[in-house]
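Per-entry structural report
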Amino acid sequence: MAVKLTKNEQKKQKDSLKQFQRYLPTLQLKKSQLQIVIREVEAEIKDLKLKQEEAIGNLDSWIAVYGENTLFSEDKSIDTLVKVKEIKKKYSNVAGVNVPVFDSLEFEDIRYSLDEYPLWVDGAILALRDLAKYDALISTLKEEKRLLENEFRVTSQRVNLFEKVKIPEAKENIRVIGIYLQDQQTQAVVRGKIAKKKLSKVG
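Residues numbered from 1 in each chain as written. Predicted model: local features only at pLDDT ≥ 70, side-chain atom pairs only at ≥ 80, totals over all residues. Heavy atoms only, no water.

Broken down by element type, the protein chain carries two helices and two strands. In the protein chain, buried positions account for 28% of the 203 residues. (Helix = DSSP H or I, 4+ residues; strand = E, 2+ residues; numbered from the N terminus. Buried < 20%, exposed > 50% of the residue type's maximum accessible area, 1.4 Å probe, protein only.)

Right, let's talk about the pairing of strand β2 (residues 97–107) for a bit. Where strand β1 (residues 84–94) meets β2, ten bridges bridge the pair, whose relative direction is antiparallel. Looking across to β2, one finds that Ile87 is bridged to Leu105. Hairpin connection from β1 to β2: two residues lie between these consecutive antiparallel strands, with Ala95 at a positive phi of about 50°. (Pairing = 2+ DSSP bridges.)

The next thing to look at is the pattern of salt bridges. Using the criterion set out here, one finds eleven salt bridges in the structure. One salt bridge in this structure joins Lys30 and Glu151, with 2.7 Å as the shortest N-O distance. Here the residue Lys30 occupies a position in helix α1 (residues 7–68), and Glu151 occupies one in helix α2 (residues 121–202), the gap between them amounting to 121 residues. Residue Lys145 is joined to Glu42 by a salt bridge in which the shortest nitrogen-to-oxygen separation is 3.7 Å. Of this pair, Lys145 sits in helix α2 while Glu42 sits in helix α1; the two residues are 103 residues apart in sequence, bridging distant segments of the chain. On the basis of relative accessible area, Lys145 is assigned to the partly exposed category, the value being 21%. In this structure, a network of salt bridges that share partners links the residues Glu42, Lys145 and Glu149. (Salt bridge = Lys/Arg side-chain N within 4 Å of Asp/Glu carboxyl O.)

Val41, Ile78, Leu105, Val121, Ile125 and Leu148 are the most contacted members of the largest nonpolar core, which totals 30 residues. Elements that contribute at least two residues to this core include exactly α1, β2 and α2. A total of twelve residues in this core trace back to one element, the largest contributor, which is α2. Sequence-distant contacts of Leu148, that is, excluding residues within four places in its chain, are made with Leu34, Val37, Ile38, Val41, Val94, Val97 and Val99. (Core = buried A, V, L, I, M, F, W, Y, C linked by side-chain atoms within 4.5 Å. Contact = heavy atoms within 4.5 Å.)

For the rest of this paragraph, the subject is the packing of aromatic side chains. The full count for this structure, using the stated rule, is two aromatic pairs. The structure contains a cluster of three or more aromatic residues connected by ring pairs, namely Phe20, Tyr23 and Phe162. (Phe/Tyr/Trp six-rings, centres within 6.5 Å; stacked < 30°, edge-to-face > 60°.)

To continue, consider the side chain of Gln10. Relative to the helices and strands, Gln10 is located in helix α1. Sequence-distant contacts of Gln10, that is, excluding residues within four places in its chain, are made with Ile174, Ile177, Gly178 and Leu181.

There is a patch of nonpolar side chains on the surface, built from Leu5, Val176 and Tyr180 and spanning about 200 Å² of accessible area. Relative to the assigned elements, Leu5 resides in the segment before α1. (Patch = residues over 30% accessible without salt bridge, like charges linked within 9 Å, V, L, I, M, F, W, Y side chains within 5 Å. Areas by Shrake-Rupley, 256 points an atom, 1.4 Å probe, with all protein chains shown as cover.)

Tracing the chain through its elements places Pro118 in the loop between β2 and α2. Through-space distance from the C-alpha of Pro118 to that of Ile78 is 9.7 Å; in sequence the pair is 40 residues apart.

Turning our eyes to something else, we now look at unusual backbone geometry. Positive phi is not limited to glycine here, since Ala95 has a value of about 50°. Its place among the elements puts Ala95 in the loop between β1 and β2. You can call Ala95 partly exposed: its relative accessible area is 21%.

We now examine the environment of Ile177. Within the secondary structure, Ile177 sits in helix α2. Placed 168 residues apart in sequence, Ile177 and Glu9 show a C-alpha to C-alpha distance of 8.1 Å. Not counting residues within four places of it along the chain, the set of residues in contact with Ile177 comprises Val3, Lys4, Leu5, Thr6, Glu9, Gln10 and Gln13.

Moving on: the environment of Ile125. Tracing the chain through its elements places Ile125 in helix α2. Counting along the chain gives 43 residues from Ile125 to Val82, while the straight-line C-alpha distance between them is 6.6 Å. Those residues in contact with Ile125, other than ones at most four positions away along the chain, are Ile78, Leu81, Val82 and Tyr112.

Below is the structure:
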């Protein structure tokens, strides 16, 4: 883009440069904050997945017992007694991004007869609800990570724009205008001297 070679434009470019240089550290700080938080969320997801796998491992024994018992039909499967009604979330501001935070899990109120299920059904339901909670926690954290990564990408693009385009461009424009104005000033001085000489000859 062509730049006007004037003092007004030079001032405008200097003001823009100051603004870019003042704003850039804020963007860089935000970028590093987002990086840290994303890593923390990733570590939390990994930790929850390990705990979930451990909880699943603890259920293997009674799942095997129940699975081998042919007296219970498929429609009486214990997992039909656990249905998530709603995942309740709150929202929090993290590095300028509005992200979801897991609050609680609400389950459907499903009635069942103890005559139709083994004695340990209540414990199994609680265990399955715990697993469902892990799912809800992990999915909420994944949503948070996605939002943070989007903001990180946008912030990185802005940092690059300022560092690699806007600041060098403004500096170059200031340099070019400065050279032009200096040349104009030099030419004006030369013209003035020539005019003075001519006048002194006439006199």
